[in-house]
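Structural description and commentary
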Amino acid sequence: MAKFKEKNIALKLRKKGNSIKDIAKKIGVVKSSVSRWCRDIELTKKQIQKLGEKMKAGAYKGARVQYARRIERIKKYEQIGINRIGRLSDRDFLLSGLALYWGEGTKKNRKV
């Protein structure tokens, strides 16, 4: 077994309640190996709860990053539109909105 030392370290870390991803990073192996080595280790309810909270926090952080990127993209393209078209008069804005509304049609009958 080529990674005997890494496997022993992984088992110890998992018994302490570390996540598969964190263990893989710490010992420098792929997650699938750590998962296979540690699949028989049962975590306590407290350890599972801790990992779940950590996972939720990470997901929330990712959602905030995606939101910020989306807002920046919207601002960028809004500015490009203003630069290309310029400011619309109230009448132009109304006509554009009416054209979009009319062009949308209905989804049910596929009619305009």
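That block above? That's the structure.
So, here's what we can say about the structure. (Residues numbered from 1 in each chain as written. Predicted model: local features only at pLDDT ≥ 70, side-chain atom pairs only at ≥ 80, totals over all residues. Heavy atoms only, no water.)

1. Some remarks on a positive patch on the surface
A contiguous patch of positive charge, built from Lys12, Lys16, Lys26 and Lys50, is present on the exposed surface. Tracing the sequence through the fold places Lys26 in helix 2 (residues 20-27). (Patch = residues over 30% accessible without salt bridge, like charges linked within 9 Å, V, L, I, M, F, W, Y side chains within 5 Å. Areas by Shrake-Rupley, 256 points an atom, 1.4 Å probe, with all protein chains shown as cover. Salt bridge = Lys/Arg side-chain N within 4 Å of Asp/Glu carboxyl O. Lys, Arg positive; Asp, Glu negative; His and termini not counted. Charge placed at Lys NZ, Arg CZ, Asp CG, Glu CD. Helix = DSSP H or I, 4+ residues; strand = E, 2+ residues; numbered from the N terminus.)

2. A closer look at the side chain of Ser19
For Ser19, the location among the structural elements is in the loop between helix 1 (4-15) and helix 2. In this structure, Ser19 is in contact with Arg14, Leu51 and Lys54, ignoring residues within four places of it in sequence. (Contact = heavy atoms within 4.5 Å.)

3. Comments concerning the nonpolar core
Core analysis: the largest hydrophobic core is formed by 10 residues, namely Ala10, Leu13, Ile23, Ala24, Ile27, Val29, Val34, Trp37, Cys38 and Ile41. Those residues in contact with Ala24, other than ones at most four positions away along the chain, are Val29, Val30, Lys31 and Val34. (Core = buried A, V, L, I, M, F, W, Y, C linked by side-chain atoms within 4.5 Å. Buried < 20%, exposed > 50% of the residue type's maximum accessible area, 1.4 Å probe, protein only.)

4. Observations regarding the packing of helix 1 against helix 2
Packing of helix 1 against helix 2 brings their axes to within 10 Å, and their N-to-C directions diverge by 145°. The element helix 1 and its partner helix 2 pack so that their crossing is right-handed. Where helix 1 approaches helix 2, its residues Glu6, Ile9, Ala10, Leu13 and Arg14 are matched on the opposing element by Ile20, Ile23, Lys26 and Ile27. (Axes fitted to C-alpha atoms, helices over the stretch in contact; angles between N-to-C directions. Left-handed = near helix turned anticlockwise from the far one by under 90°.)

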